[in-house]
Amino acid sequence: MKKIYPNAAAALDGLLHDGMFIAAGGFGLCGIPELLLDAIKESGTKDLTFASNNAGVDDFGIGILLQTRQVKKMISSYVGENAEFMRQYLSGELELEFNPQGTLAERMRAGGCGIPGFYTKTGVGTVIADGKEHKDFNGQTYIMEEGIFADLSIVKAWKADETGNLVFRKTARNFNPPAAMCGKTCVVEVEEIVPTGSLDPDSIHLPGIYVNRLIQGDHEKRIEQRTVRSA
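The following refers to the structure shown.

**What to know about helix α4 (residues 83-90)**
- Among the residues making up α4, those that are buried are Glu84, Phe85 and Gln88. Projection of α4 onto a plane perpendicular to its axis shows the buried side chains occupying an angular sector of 100°, all on one side. With respect to the buried face of α4, the exposed residues turned more than 90 degrees away are Met86 and Leu90.
- Buried residues in α4 make contact with α3 (63-67), β3 (71-76) and β4 (95-98).
- One or two steps after α4, the chain reaches glycine 92, where phi turns positive at roughly 80°.

**With respect to the environment of lysine 121**
- By the secondary structure assignment, lysine 121 is in the loop between β5 (117-120) and β6 (134-137).
- Placed 23 residues apart in sequence, lysine 121 and methionine 144 show a C-alpha to C-alpha distance of 9.0 Å.
- Setting aside residues no more than four positions away along its own chain, lysine 121 makes contact with Gln140, Thr141 and Tyr142.

**Observations concerning the packing of aromatic side chains**
- Taken as a whole, this structure holds three aromatic pairs when the rule is applied.
- Ring geometry for phenylalanine 27 versus phenylalanine 175: centroids 6.3 Å apart, planes at 15°, classification stacked. Residue phenylalanine 27 is located in the loop between β1 (21-24) and α2 (34-43), and its partner phenylalanine 175 is located in the loop between β9 (166-167) and α6 (176-181); the two are separated by 148 residues in the primary sequence.
- Phenylalanine 27 sits in the partly exposed class, given a relative accessible area of 25%.
- Between the aromatic rings of phenylalanine 137 and tyrosine 142, the centroid separation amounts to 5.5 Å while the plane-to-plane angle is 85°, which identifies the pairing as edge-to-face.
- On the accessibility criterion, phenylalanine 137 (32% relative accessible area) is partly exposed.
- Classification of tyrosine 142 as partly exposed rests on a relative accessible area of 22%.
- Ring pairs connect the aromatic residues Tyr119, Phe137 and Tyr142, which therefore count as one cluster.

Reading the values: rules and limits
- Residues numbered from 1 in each chain as written.
- Predicted model: local features only at pLDDT ≥ 70, side-chain atom pairs only at ≥ 80, totals over all residues.
- Heavy atoms only, no water.
- Buried < 20%, exposed > 50% of the residue type's maximum accessible area, 1.4 Å probe, protein only.
- Helix = DSSP H or I, 4+ residues; strand = E, 2+ residues; numbered from the N terminus.
- Arc of directions from axis to C-beta.
- Contact = heavy atoms within 4.5 Å.
- Phe/Tyr/Trp six-rings, centres within 6.5 Å; stacked < 30°, edge-to-face > 60°.

So yeah, pure geometry; function would need other evidence.
Spelled out as structure tokens, the structure:
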């Protein structure tokens, strides 16, 4: 099956619908599938639920979909540095489900492995645990968290071969692989597509079995926080 598409709009063709659940990769401003998010914005698809570690910033990442009111709910860990997110949440326009960072990553990974739920100590005794099943193991209390099963995964990788085997760089590897695993369909944007067989098998971070569609494009290199020493 040919996985390579000419652009983001073509790769998302036939996959988008109002009210869908999307898992998106990214860590801070690193590894954000910006081309696919731009295409979702242009499609006008609305009432979206996103599972993503963060919500980008006001003019980048998922932040561009918040500006156009296309997002109904966020399942996230870190939502700082986004004034429009804060405004919508505090005014009751946006639903928010907070997840500890490791819990969110494991919920995505679990969904990708077909695991409906798992127990974790993270969040016990906090508002995170409200309404969730509690169970004791060896004298320790754990809470049940559910795996994430999304309609669509959108992720960004550094390199891919023509069959969709992926290589990520640095912190872009934190959330993109589990996000890619948990969607019924996975669409990936990469900086470079190389011939099949040219990637070292031991260097592949996510096998192509998880990838349905693939695009190559130019990406913006943003720095979330720049700290410099005075002369």
